[in-house]
Amino acid sequence: MVSQTVALVSTVATLAVVTVAGLRYARGRVGTVEDLLTARNSTGTAATTATLIASTMGAWILFSPAEAGAAFGGITAVLGYAIGSAIPLLLFVPVGRRIRELMPTGHSLTEFVLVRFGPAMYLVVLVVSVFYMFIFLAAEMTAIAGSLELIAGVPAWQTATVVGLFVLVYTAYGGLVASIFTDTIQTLVILPLLAVGFGAAVVSLGGTDAIYSTAMSTDPTLLDPGFRPGLEFGLYVVFAVLGANMLNQGLWQRVYAADGASTLSRSFTAAALTVVPMVLLAGLFGVAASGLGLVTPETQSVAFFLVVTEVLPETVAFIVVLLVVLLVMSSADTMLNAISSLVTVDLARLGVVEDGESLRLVGRGLTVAVALGAIAIGAQGYSVLQLFLTADLLAAAVFVPIMWGLYAEGLTERGALAGSLAGLVVGIAYFPMLRGIVTLIPGVGGLLPEPAFLPAFLGATGVSALVTGLAVAVGSAGFEFGSLSTELRSFDEPAAEESAPTGEVSD
Amino acid sequence: MALGPTLFAVIVWGSIGSVLAAFGYLSWLLVTVRRTS
């Protein structure tokens, strides 16, 4: 085990270095609320790729994929998770290009939904999107708190407070500009750290042959690519991750931050190709943990850390501490800025806050409020898996009509709502984790099918797509896509720092 | 039918190599842009 002092000192040092770098970079570059929230057309391929990798790869990759490998179907489940993590990034290439074309001065997906469909669909998407992103943020805080408690015995509240406050400082001050810059640094440290740390871990475990033999002797299904539970998990996790990521405002912000359509395509593709081996490596630790007999039903969610603390030398454990801190910082700053950006943009859109200076203050104030909420939840050590899967299910039902609405003129708000609600009804009917709540509705309990994740996620997305398709087929209202570019305005009003340089986050 | 040990090794070391390749690609891009700007 790494000593508590070493873990805390190295954590604070890492946080301090990144925070100072973010503050120094953002100084003089956040002149307007647009810089704080959008950083429009400002990042090249390297910075966009790096920020996408850093934003999507949080500390969750050290928990969920390993748990999948240990308990949900071995290497097949891990492969599904890895591919599932890449698919949303690839889907962002066409839909990101499309939304930039339709609303070049836009800021968020909810803004598109409000203008394209109307207030009812907007409210549904806003609630699901903010719920998902807050859960992501709280999960990251819980993950870092839990990791340092496992590796070095640091109390959860200390870790959550320290990490949350440092991230808050540079995100509230520097907004998206600081987030993208620090993401670039973090990715350049995370990638080699991950490769070297995992390489050292494989060698410490006796090499791939030894890991393979141990896993085969303990449970051959861990390495069976045809293992049915693994295939099922690999399939539904694709839909879970896809829906959630399509409602992730952090990714939509980066669609606009890219300095052109070709940068967007290159960066999202490169990021998609990079996250596959990252998730795969983390997941293989779960296979190794299970093979080594370290995992029990109570400890399967921390399978990765069981290998780190019980088998690997202290130097590798120390690398893991740094890795966890960087992974958390890079995704927490994205979520913090994304949530505050979403609400700020909508307050401006609805005319609640008008001038640029007030908007900037609101944006920073919201960042503080969201961070404090996430710190409070992170320090509790809750299991956030249930909330995460619930948020994923809601997103899986809602994202299809939105994406369809980018292309189909005939899709009305009623059609989009019908698709979303139909998907939600089917998804919730099968969803194991909401069964207790759903059966409280009189007369419903006896009608429900056998609970299972695969039909829940497949049903949510599939039925949503089916009903949306029908709505498009029968819909007659032709939406005028040209109105999107005229109804949306930029908030680019120079504020107090108007003499400062522009907010570019160049490569 | 389980994977063979060779395929397993390819997956593990191939993933580690791919992560390093991504790091190399990003570094190369950053250096290239710095030089040209």
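Definitions and limits used
Residues numbered from 1 in each chain as written. Chains lettered and ligands numbered in written order. Predicted model: local features only at pLDDT ≥ 70, side-chain atom pairs only at ≥ 80, totals over all residues. Heavy atoms only, no water. Helix = DSSP H or I, 4+ residues; strand = E, 2+ residues; numbered from the N terminus. Rg over C-alpha atoms; globule rule 2.2 N^0.38 Å. Buried < 20%, exposed > 50% of the residue type's maximum accessible area, 1.4 Å probe, protein only. Salt bridge = Lys/Arg side-chain N within 4 Å of Asp/Glu carboxyl O. Contact = heavy atoms within 4.5 Å. Buried area = accessible area lost by both parts, 1.4 Å probe. Nonpolar A, V, L, I, M, F, W, Y, C, P; charged D, E, K, R; others polar. Patch = residues over 30% accessible without salt bridge, like charges linked within 9 Å, V, L, I, M, F, W, Y side chains within 5 Å. Areas by Shrake-Rupley, 256 points an atom, 1.4 Å probe, with all protein chains shown as cover. Phe/Tyr/Trp six-rings, centres within 6.5 Å; stacked < 30°, edge-to-face > 60°. Lys NZ or Arg CZ within 6 Å of the ring centre and 35° of its normal. Polar contact = N/O pair within 3.5 Å; in protein donor to acceptor, adjacent residues only side chain to side chain. Axes fitted to C-alpha atoms, helices over the stretch in contact; angles between N-to-C directions. Core = buried A, V, L, I, M, F, W, Y, C linked by side-chain atoms within 4.5 Å. Expected span 1.5 Å × (residues − 1). pLDDT = per-residue confidence, 0-100. Bend = angle between axes of the 7 residues up to and from the residue.

1. What about the overall build of chain A?
Each helix and strand counted, chain A has 20 helices and zero strands in total. A compact globule built from 507 residues should have a C-alpha radius of gyration of about 23 Å, and chain A, at 22 Å, falls within 12% of that. With respect to the principal axes defined by its C-alpha atoms, chain A has extents near 65 × 60 × 40 Å. Among the 507 residues that make up chain A, the fraction classed as buried is 61%.

2. Details of the pattern of salt bridges
Residue and element names in this part refer to chain A. According to the stated counting rule, one finds three salt bridges over all chains in the structure shown. Glu 101 is the salt-bridge partner of Arg 98, the closest N and O atoms lying 3.5 Å from each other. Here the residue Arg 98 and the residue Glu 101 both occupy positions in helix H5 (residues 74–102), the gap between them amounting to three residues, near one helical turn. Overall, Arg 98 belongs to the buried group, its relative accessible area being 17%. Given a relative accessible area of 57%, Glu 101 falls into the exposed group. Measuring nitrogen to oxygen at the nearest pair gives 3.2 Å for the salt bridge that ties Arg 228 to Glu 232. Of this pair, Arg 228 and Glu 232 both sit in helix H10 (residues 228–246), separated by four residues, roughly a single helical turn. Under the relative-accessibility criterion, Glu 232 is labelled partly exposed at 28%.

3. Let's talk about the interface of chain A and chain B
The partner chain B presents 24 residues to the 35 residues of chain A that form the contact. In total, chain A and chain B occlude about 2,500 Å² of area from one another, counting both sides; carbon and sulfur atoms represent 82% of this. Taken together, the connections running from chain A to chain B amount to zero salt bridges. Within the residue set of the side of chain A that touches chain B, elements represented by two or more residues are helix H3 (45–56), helix H8 (156–204), helix H9 (207–218) and helix H12 (261–291) of chain A. For the side of chain A that touches chain B, the element with the most residues is H8 of chain A, which contributes eleven residues. Tallied by class, residues from the side of chain A that touches chain B come to 24 nonpolar, eight polar and three charged.

4. Some points on a nonpolar patch on the surface
A cluster of nonpolar side chains, Leu 79, Ile 83 and Ile 87 of chain A, forms an exposed patch at the surface whose accessible area comes to about 220 Å². Examined against the element boundaries, Ile 87 of chain A turns out to sit in helix H5.

5. Overview of the packing of aromatic side chains
Residues and elements named next belong to chain A. Within the structure shown, the criterion is met by 20 aromatic pairs over all chains. Through pairs of rings, three or more aromatic residues link up here, namely Trp 60, Phe 72, Tyr 81, Phe 233, Tyr 236, Phe 431, Phe 453 and Phe 457. One residue, Arg 98, lies across the ring of Phe 481, its end atom 5.1 Å from the ring centre. Sitting over the face of the ring of Phe 479, Arg 116 holds its NZ or CZ atom 4.4 Å from the ring centroid.

6. So, the side chain of Ser 129 of chain A
Looking at where Ser 129 of chain A falls in the secondary structure, it is placed in helix H7 (residues 119–152). A distance of 2.8 Å separates a polar side-chain atom of Ser 129 of chain A from the backbone oxygen of Leu 247 of chain A.

7. So, the packing of helix H13 (residues 303–310) of chain A against helix H14 (residues 314–349) of chain A
All names here are of chain A. Where H13 contacts H14, the two axes come as close as 9 Å, and the packing angle between them is 145 degrees. Contact residues: Phe 304, Phe 305 and Val 308 in H13; Ala 317, Val 320 and Val 324 in H14. Here the contact of H13 with H14 is composed, by residue class, of six nonpolar, no polar and no charged.

8. Re the nonpolar core
With 188 residues, the main nonpolar core has Leu 62, Phe 198 and Ile 402 of chain A as its most contacted residues. A total of 20 residues in this core trace back to one element, the largest contributor, which is H14 of chain A.

9. Some remarks on H12 of chain A
The end-to-end C-alpha distance of H12 of chain A is 45 Å, a good match for the 45 Å that 31 residues give at a rise of 1.5 Å each. Two residues or fewer past H12 of chain A, Gly 293 of chain A is found with a positive phi of approximately 75 degrees.

10. What to know about the confidence of the model for chain B
On average, chain B scores 88 in pLDDT, and the residues at 70 or more come to 92%. Two numbers describe this predicted complex: its pTM, 0.87, and its ipTM, 0.92.

11. Some details on helix H19 (residues 453–474) of chain A
Residue and element names in this part refer to chain A. The first and last C-alpha atoms of H19 sit 31 Å apart over 22 residues, in line with the 32 Å expected at 1.5 Å per residue. Gly 459 marks the point of greatest bend in H19, at about 30 degrees. By the burial criterion, the buried members of H19 are Phe 453, Leu 454, Ala 456, Phe 457, Gly 459, Ala 460, Thr 461, Ser 464, Thr 468 and Ala 471.

12. Concerning unusual backbone geometry
Leaving glycine aside, a negative phi is the common case for residues, and trans is the common case for peptide bonds. Residues and elements named next belong to chain A. Phi angles above zero are rare outside glycine, and Ala 39 is one such case at about 50 degrees. With respect to the secondary-structure elements, Ala 39 resides in the loop between helix H2 (33–37) and H3. The class for Ala 39 is buried, based on a relative accessible area of 2%.

13. Here we look at the environment of Ala 21 of chain B
Residue and element names in this part refer to chain B. As for its placement among the helices and strands, Ala 21 is situated in helix H1 (residues 5–36). For Ala 21, a relative accessible area of 47% translates into the label partly exposed. Separated by 17 residues in sequence, Ala 21 and Gly 4 place their C-alpha atoms 25 Å apart.

14. Re the environment of Leu 30 of chain B
On the secondary structure map, Leu 30 of chain B appears in helix H1. A relative accessible area of 15% means that Leu 30 of chain B is categorised as buried.

15. Description of the confidence of the model for chain A
For chain A, per-residue confidence averages 85 on the pLDDT scale, and 93% of positions sit at 70 or higher. Per-residue pLDDT stays below 50 along residues 493–504 of chain A; that stretch engages in 25 contacts with residues further than four places along the chain or on separate chains.

16. A short note on the side chain of Ser 108 of chain A
All names here are of chain A. Along the chain, Ser 108 falls in the loop between H5 and helix H6 (109–116). For Ser 108, the side chain forms a polar contact with the side chain of Thr 110, separated by 3.1 Å. Not counting chain neighbours up to four residues away, the residues in contact with Ser 108 comprise Met 103, Gln 249, Leu 342 and Val 345.

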